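# Structural overview
Single-letter residue listing:
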Amino acid sequence: MARKITFPNMGNYQIVFKALFENLGFEVISPPKTSKKSIEKGLEHSPEFVCFPFKVNVGNYIQSIEEKGANTIIMLDTQGECRFRYYGTLQQKILDDLGYNISFFSFNAKNVLGHLRKLGIFKNPPWRLVRSAWIAWQKLRLVELIEDLSWRTRPRERESGKTGTVMSKYLDILDKTSSPAKLRKLKREISKAFSNVEIDKNKKPLKIGIVGEIYVIAESYVHRDTDVALGNLGAEVHKAVRTSTVVKHFLNPLSKKNFYRQAYPYLKTSVGGHGLDSVAHMLEYAHEGFDGVVHLAPFGCMPEVTVRPILNQISREKNLPLLSLSLDEQSAEAGIQTRLEAFIDLIKDKKSHNT
Amino acid sequence: MWENFFKELGFRVETSGQTNRKILEEGVGLSENEACLSCKVFNGHLSALVNKNPKLDYIFIPLYKSLRRGYKSCPKFFALAEIAKTIFSHLPPILNPEINFTKEKLDRTLYKFGLGLNKSKAKKATLFALHTLEKYQKDLERQYFQKLKSKKPKIVLISHPYNIHDNFINLNITKKLKDLGVEAITIDSIPYKEQIFYSGWDFMDEMIGQVREVADQDIKGAIQLSTFNCGCDSILIGLIEREFRKAKTPYMSLIIDEHTGDAGIQTRLEAFVDTLNL
């Protein structure tokens, strides 16, 4: 039976995973955009107290299997210290118990070659493997470029919603673009399109850094479009934890070590996940003169809950306002919007008192 | 073990005592809302210890990094001391040795730690500590084999050691089970053959090994006791309940938080034990 590959949704990075596997000759089933409906089945079949990303993943899988006939699931196991390392293991058992006849590949450093062989990746000649990885990497950088430009443009746009329109258009085009040459051309087009959005050049938006757990930061349904909301409130957003950073740290462990050293006065030990990253990034933001930090984490996230008191301490000592949001299936968009508005008001007040 | 270690080094040792309502409430008040109950209890104990003894020279908060070679402990253990410094404004100096069986064996860790505190007594203290630990583990094992011989229906109680041996937090579950006429075998007493099942957390493969070992014995049921927001258990429960499903042994999980009432647990235990006698 031909493989129909799917994977969990992860914000705009869908485009990257899809390109990677399509270029290796697989039929890819992109998971439908995460929604209240898609997570229902995830909530029903996941352990009650497991972290929210796990439940969202399971919802994505079930929807892809039932609605689009996916039969092969690709997942990652970074073998870290938090629960994430067991996602694949337990998710596979849940799907087995539900009676789905699927293959589940949870990739880690030890099994990567074996899994790739089983998937038939090595039927591709080496040049095709390299080309596929290269295209995926270029698409990843363009996804992040589009996001960066949207965060810079949105708080300054004269016509509300224009940034969003440009962003959707180019994410769609990016998804449909296949060759490295066309991708290079697309990069120029993207920069041009965003610079053509009419902006108020005199506006000086507040700079807000986002730290926290990588999945909720990427997946817009989970964080209820916090970055868009902040942009609409006139704030320029920067996201600390990006997939490209993870790849860079993976390829260069020394850069990772140096990065963590920044957290030293506040936290020396790793606490799993991106806990230590949150501390280090918040200190970076303090150093770079950001106006505030928003901390996004799933409810009960072990690493992020551990570091929350430290982030609060940094907030006090560096005089950097912090808003820590705990996200799960019950998070309401209105509630988050209210808190973000109050947060921005607080920062604006603080700024006007300081001048 | 630690108490004997420090006493042998010439220290006077003060402990925070058994968990009680005051310790729990104090810990809840000091900790993050979403922290696991066990971390809250830890902070409560730290608070009680510091309040009872204003003139401490040191507080001992070991960093349990790895209790089995190639594995890691729960990541909540790693930053306990550093987070304590954030929560408490004034703490005596913290002794924070890293216990890491992936890096080195316990005897080396104890000896090096002891040398830093009292050079002349370090070796003796290390040997005494190891002897205490070995005796404790042998005692547990002896209890296990004794309980296996019991004529009463046997249930295995699965939980982390700091829950199994905290009768306030576990709502006195071992006594409750005893009163219901059941022999409760605690998972930490079960000897097992070290194997790799899932790798990762040290307690994960240890418990799976213990569960598989005891499943071969005449066990009538399994109760897994967890505490609110234990991240590890949210995964562990999923794996352990499947082990018992495969062994066709009745299984129940209980989640305890700071509001859990005695009566509620009693009812669930009675109902569970009733189903076993059918």
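Starting afresh in each chain, residues are numbered from 1 along the sequence in its written order. Working convention: letters from A go to chains and numbers from 1 go to ligands, in the order in which they are written. Reporting of local features is limited, given that this is a predicted model, to residues whose pLDDT is at least 70; pairs of side-chain atoms are given and counted only at 80 or more, and all residues count toward the totals for whole chains, interfaces and linings. Only hydrogens and water are removed before side-chain values are computed, so all heavy atoms of the structure are retained for them.

### Focus on the overall build of chain B
- Summing up its helical and strand segments, chain B has eleven helices and eight strands in all.
- Every radius of gyration here is taken over C-alpha atoms, with the globule rule written as 2.2 Å times N^0.38, N being the number of residues. A globule of 278 residues ought to have a C-alpha radius of gyration of about 19 Å, and chain B, at 20 Å, matches this closely.
- When burial is assessed residue by residue, chain B has 51% of its 278 residues classed as buried.
- Note on contacts: a residue pair is in contact if any heavy atoms of the two residues lie within 4.5 Å. The contacts in chain B between residues at least 6 apart in sequence include a share of 71% that link residues at least 24 apart.
- Areas reported here follow the Shrake-Rupley algorithm with a probe of radius 1.4 Å; residue values treat only the protein chains shown as occluding. When the accessible surface of chain B is totalled, it reaches about 13900 Å², and 51% of it is carbon and sulfur.
- Just so you know, the count uses Lys and Arg for positive and Asp and Glu for negative, and it drops His and the chain ends. To locate a charge, the coordinates of NZ of Lys, CZ of Arg, CG of Asp or CD of Glu are taken. Taking the average location of the 40 positive side-chain charges in chain B and that of its 34 negative ones, the two points are 5 Å from each other. Each helix is a run of H or I in the DSSP string that is no shorter than four residues. Each strand is a run of E no shorter than two, and both are numbered from the N terminus. The rule is simple: take the accessible area with a 1.4 Å probe, protein chains only, and divide by the maximum for that residue type; under 20% is buried, over 50% is exposed, in between is partly exposed.

### Notes on the interface of chain A and chain B
- Contact with chain A, which involves 31 residues of that partner, is made by 30 residues of chain B.
- Using a 1.4 Å probe, buried area is obtained as the accessible area two parts lose upon being combined, added over both of them. Together chain A and chain B conceal approximately 2900 Å² of surface at their shared face, both sides included; 63% is due to carbon and sulfur atoms.
- The three residues of chain A that bury the most area against chain B are F49(A), E81(A) and Y86(A), which together make up 24% of that side's buried surface.
- By definition, a salt bridge exists where a carboxyl oxygen of Asp or Glu is found within 4 Å of a side-chain nitrogen of Lys or Arg. At the junction of chain A with chain B, the criterion picks out five salt bridges.
- Linking E81(A) and K72(B) is a salt bridge whose minimum nitrogen-to-oxygen distance equals 3.0 Å.
- Here a polar contact means two N or O atoms within 3.5 Å. Within protein one must be a hydrogen donor candidate and the other an acceptor candidate, and residues neighboring in sequence count only if both atoms are side-chain atoms. The interface formed by chain A and chain B contains 15 residue pairs in polar contact (both at pLDDT 80 or more).
- For the side of chain A that touches chain B, the secondary-structure elements that each account for two or more residues are α4 (87-97) and α14 (302-317) of chain A.
- Throughout, the ten residues Ala, Val, Leu, Ile, Met, Phe, Trp, Tyr, Cys and Pro are labelled nonpolar, Asp, Glu, Lys and Arg are labelled charged, and all others, Gly among them, are labelled polar. Residue composition of the side of chain A that touches chain B, by class: 16 nonpolar, eight polar and seven charged.

### Points about the nonpolar core
- If you look at the biggest cluster of nonpolar residues, it comprises 74 residues, and the most contacted ones within it are L230(A), V279(A) and V294(A).
- Examining the composition of this core, we find that eight residues originate from one element, helix α6 (residues 126-153) of chain A, more than from any other.
- Ignoring any residue separated from it by four or fewer positions in sequence, one finds V279(A) in contact with A263(A), Y266(A), L267(A), V307(A), I310(A), L311(A) and I314(A).
- With 46 residues, the next largest nonpolar core counts C74(B), V156(B), W201(B) and V214(B) among its residues. Nine residue types can take part in a nonpolar core, namely buried Ala, Val, Leu, Ile, Met, Phe, Trp, Tyr and Cys, and a core is a set of them joined through side-chain atoms within 4.5 Å.

### Focus on the packing of α6(A) against helix α8 (residues 180-195) of chain A
Residues and elements named next belong to chain A.
- To obtain each axis, a line is fitted to C-alpha atoms, and for helices this fit is confined to the stretch in contact; angles are then taken between N-to-C directions over 0 to 180 degrees. With their axes 11 Å apart at the nearest point, α6 and α8 run at an angle of 0 degrees to one another. The orientation of α6 relative to α8 falls into the category roughly parallel. Contact residues: R131, I135, Q138, K139, L142, L145, I146, L149, S150 and T153 in α6; P180, L183, K187, I190, S191 and F194 in α8.
- Per-class residue counts for the contact of α6 with α8 are nine nonpolar, four polar and three charged. An angle below 35 degrees is read as roughly parallel, one above 145 as roughly antiparallel, one from 65 to 115 as roughly perpendicular, and any other as oblique.

### Thoughts on the sheet that holds strand β6 (residues 235-239) of chain A
All names here are of chain A.
- Criterion used throughout: strands pair if DSSP finds at least two bridges between them. Spatially, four strands are ordered β6-β5-β7-β8 in an open sheet, and the strand pairing comes out parallel. At either margin of the open sheet sits one strand with a lone partner, and together these are β6 and β8 (322-327). On average, each strand axis in the sheet is tilted by 25 degrees relative to the strand beside it, whichever way the strands run.
- Across five bridges, the pairing between strand β5 (residues 206-212) and β6 is parallel. Bridged to G209 within β6 is H238.

### Things to note about the pairing of strand β7 (residues 292-298) of chain A
All names here are of chain A.
- Within β7, seven of the seven residues are buried, leaving the element largely enclosed by the surrounding structure.
- Burial along β7 is two-sided: G292, V294, L296 and P298 and V293, H295 and A297, pointing in opposite directions, are all buried.
- Both β5 and β7 contribute to a ladder of five bridges, which runs parallel. Residue pairing across strands places G209 opposite V293, the latter belonging to β7.
- Across six bridges, the pairing between β7 and β8 is parallel.

### What about empty space enclosed by the protein?
- Put simply, the grid is 1 Å and covers the protein atoms alone, a cavity is a trapped set of points that fit a 1.4 Å probe, a pocket is an open set with protein on both sides within 12 Å along at least five of seven lines, and lining residues have an atom within 4 Å of a point. Grid points are joined across faces, edges and corners, and a volume is the space filled by probe spheres set on the points. Using the criterion set out here, one finds one cavity of 30 Å³ or more in the structure.
- Within this model, the largest cavity holds a volume of roughly 170 Å³.
- Forming the walls of the largest cavity are 14 residues, and the residues nearest its centre are T306(A), A35(B), C39(B), N43(B) and I83(B).
- Secondary structure elements with two or more residues in the lining of the largest cavity: α14 of chain A together with α3 (37-52) and α4 (80-87) of chain B.

### Overview of helix α10 (residues 231-246) of chain B
Residue and element names in this part refer to chain B.
- Taking 1.5 Å of rise per residue, the 16 residues of α10 would be expected to cover 22 Å, and the 24 Å separating its terminal C-alpha atoms lies within 8% of that figure.
- The quantity called bend is, for any residue, the angle between two axes fitted respectively to the seven residues ending at it and the seven beginning at it. The largest bend in α10 is about 25 degrees, located at I237.
- Judged by how many residues are buried, α10 sits mostly within the fold: 13 of 16 residues are covered. Expected helix span is computed as 1.5 Å times (number of residues minus one).

### Re the pattern of salt bridges
Residues and elements named next belong to chain B.
- Tallying each qualifying case throughout the model produces 33 salt bridges over all chains.
- E8 is paired through a salt bridge with K124; the nearest N and O atoms lie 3.4 Å apart. Placement of the pair is E8 in helix α1 (residues 2-8) and K124 in helix α6 (residues 122-148), with a sequence separation of 116 residues.
- The class of K124 is exposed, set by a relative accessible area of 54%.

### Focus: the confidence of the model for chain B
- pLDDT is defined as a per-residue confidence score from the predictor, taking values between 0 and 100. Within chain B, residue pLDDT values average 95, and 100% of them lie at 70 or more.
- The ipTM value of the predicted complex is 0.94, and its pTM value is 0.95.

### Points about the side chain of E243(B)
- Mapping E243(B) onto the fold places it in helix α10.
- Those residues in contact with E243(B) that sit more than four places away from it in its chain are Y198(B), I208(B), V211(B) and R212(B).

### A few points about the side chain of N163(B)
- Along the polypeptide, N163(B) turns up in helix α7 (residues 161-164).
- Once residues within four sequence positions are removed from consideration, N163(B) is found in contact with S38(B), I169(B), N170(B), L225(B) and T227(B).

### Considerations on a nonpolar patch on the surface
- Think of a patch as exposed residues, more than 30% relative accessible area, with no salt bridge, where like charges cluster within 9 Å and nonpolar side chains (Val, Leu, Ile, Met, Phe, Trp, Tyr) cluster within 5 Å. Taken together, the side chains of V112(A), L113(A) and F122(A) make up a nonpolar region of the molecular surface, amounting to roughly 250 Å² of accessible area.
- Secondary-structure assignment places L113(A) in helix α5 (residues 112-119).

### Quick word on the packing of aromatic side chains
- We call Phe, Tyr and Trp rings a pair once their centres come within 6.5 Å, taking the six-membered ring for Trp, and we label the pair stacked below 30 degrees between planes, edge-to-face above 60, and tilted otherwise. Per the stated rule, a full pass over the model turns up 25 aromatic pairs over all chains.
- For the ring pair Y285(A) and F290(A), a centre distance of 4.4 Å and an interplane angle of 40 degrees mean the geometry is tilted.
- Ring geometry for F5(B) against F6(B): centres 5.5 Å apart, planes inclined by 70 degrees, an arrangement best described as edge-to-face.
- The exposure class of F5(B) is buried, given its relative accessible area of 0%.
- Feature note: the residues W2(B), F5(B), F6(B), F11(B), Y58(B), F60(B) and F113(B) constitute an aromatic cluster, connected by ring pairs.
- Both a distance and an angle decide whether a charge sits over a ring: NZ of Lys or CZ of Arg must be within 6 Å of the ring centre and within 35 degrees of the ring normal. One residue, R224(A), lies across the ring of Y221(A), its end atom 4.5 Å from the ring centre.
- Across from the ring centre of F78(B), 4.7 Å away, lies the NZ or CZ of K65(B), which sits over that ring.

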